[in-house]
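Results of the structural survey
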Amino acid sequence: MRRRMIAAAAVTAAVLVLIVCVQMAHARFRQPNSEYQQRRSKLAAGVDGPVVIFGYTGHEDASEVAIFFQEESFYYLTGHSEPGAALILLPKAPNAKPMDGPSEILYLPAHDPRKERWEGPQLGPEDPGVLEKTGFADVRRFDKMEGDLQKLSATYSNVFTLVAPKNEEGYPHLGNWNAWLHRAAPSAKLRDISREIFTMRQVKSAGELALLQKAVDLSVDAHLDAMKRMRPGLLEYQVAARMKEIHEFGGCAREAYSPIVGAGLNSTVLHYARLDDEIQDGDVVVIDVAGEYGGYAADITRTLPANGKFTARQREIYEIVLGAQNAAIDAVKPGVRMYGEGRNLQEIAQKYIDTHGKDKNGKSLLPYYIHGVSHHLGLDVHDPGERDRKLEPGMVITVEPGIYIPDEKIGVRIEDDVLVTEDGHQVLTARLPRSVDQVEKVMAEGRTAPRASAAGGN
């Protein structure tokens, strides 16, 4: 009997852990309803026709182990994290035709008891308190949407939505719903609203910045642990696995992107994904790993000497990359561009690399810098929008120059996350060491401190 009781308790505990993990796995922490309402109002004020945005259905990934994550722009406008929803915003532009009735409608699927038996309860359109929970004045069943659109198309000639690109990769979410809109409102012309939404998404609210900082802090914790644990003999995937463990125990729902841990020649491969090589004495190891917290992504890279000490050549390349990064970070402020006309961050990083150091043939190192210096961060690790837009307060960008020399098996990238402030910038990742001496000091401390096995412990 005692063994049965212990076994039952263990099963119960395991189920509870699983439930918590599942709940965390799709967690996005909502802002107040008023913030989503303000975003919708701002978007509707710039168009002369209805805005129609569809959330993901849950069929985008058919894998048995797939976890649902909402389409980012739909989430940005609604804060709704469940599948099968859509929204219509009526225009508020001065030239828009007036319409009676609600200015915004959220459409939710009706309850499906059989599906909910397997996947858990979902918010329904007739549930008590649905208006207060969603922040919408009108919530309707999804099957009412087509009739509503047909009525609207009699008044408006344009419908604004996220238009599918010519070659949509993966599951054709946008293409499918564009086709549905053509059938539901055949007389209306589909207009792309993505640029307006992406422009809004690039400037973060205080609530968004708090979630970004949490993602950054947990990612910094993982990088510090990697610095202390780095040894020749580890496999690349072991480093990533430990970092993912730290992210998830800290509350990250998932990785911000597929982890990159590349040693030796692999350090020169930008999006190296295999992670199956053994780290050798004398290697440099590029670690580009970060978590996503509350839906918001960090993006951090450090380059470490496997044995704790950079060689003279590795140090030379590292300090050139660091110098280029410092020069670009110092230039971050409102009005500066990442790319494009005038003095920009990419040009600053390129000029520094071009004027410092040489390859083994005595030529410039600039050809070994093969990517851009910055991108926006947010609900996507590469938050969309125009990259040559002037920086504004509230934007969060990466600064990440790199040099990759396959012939020497030396790849170095240093990447930090930077907030644009009213009068300059703030490095959100400042807690993570960047200089050669600082990195080697943390690695040395890790070698002398008592530690548990590589697979776990603190």
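The structure reproduced in this document is the subject of the present report. None of the values given here were measured: they were computed from a predicted structure.

Rules of the game
Residues numbered from 1 in each chain as written. Predicted model: local features only at pLDDT ≥ 70, side-chain atom pairs only at ≥ 80, totals over all residues. Heavy atoms only, no water. Axes fitted to C-alpha atoms, helices over the stretch in contact; angles between N-to-C directions. Helix = DSSP H or I, 4+ residues; strand = E, 2+ residues; numbered from the N terminus. Parallel < 35°, antiparallel > 145°, perpendicular 65-115°, else oblique. Left-handed = near helix turned anticlockwise from the far one by under 90°. Contact = heavy atoms within 4.5 Å. Nonpolar A, V, L, I, M, F, W, Y, C, P; charged D, E, K, R; others polar. Pairing = 2+ DSSP bridges. Phe/Tyr/Trp six-rings, centres within 6.5 Å; stacked < 30°, edge-to-face > 60°. Buried < 20%, exposed > 50% of the residue type's maximum accessible area, 1.4 Å probe, protein only.

Our next topic: the packing of helix α9 (residues 206-229) against helix α13 (residues 436-448). Two elements in contact, α9 and α13, have axes separated by 7 Å at closest approach and are oriented at 65°. When the interaxial angle is binned, α9 and α13 end up roughly perpendicular. Read as a crossing pair, α9 and α13 show a hand that is right-handed. Mapping the contact onto sequence places Leu224, Met227 and Lys228 in α9 and Val439, Val442, Met443, Gly446 and Arg447 in α13. Grouping the amino acids of the contact of α9 with α13 by side-chain chemistry returns five nonpolar, one polar and two charged.

Turning to the sheet that holds strand β17 (residues 425-427), a few remarks are in order. The three strands lie next to each other as β13-β16-β17, forming an open sheet whose pairing is antiparallel. Of all the strands in the sheet, just β13 (396-399) and β17 have a single pairing partner and so form its edges. Sheet twist, expressed as the mean angle between neighbouring strand axes with direction ignored, is 35°. For strand β16 (residues 416-420) and β17, the ladder comprises three bridges, and the chain directions are antiparallel. Within the sheet, the bridge partner assigned to valine 418 lies in β17 and is valine 427.

A few words on the packing of aromatic side chains. Applying the stated criterion across every chain, the model contains eight aromatic pairs. Consider the rings of phenylalanine 54 and tryptophan 177, whose centres lie 4.2 Å apart with planes at 10°: the pair is stacked. In this pair, phenylalanine 54 sits in strand β1 (residues 51-54) while tryptophan 177 sits in helix α7 (residues 173-184), placing the two residues 123 residues apart along the sequence. Of the residues examined, phenylalanine 54 reaches a relative accessible area of 4% and is grouped as buried.

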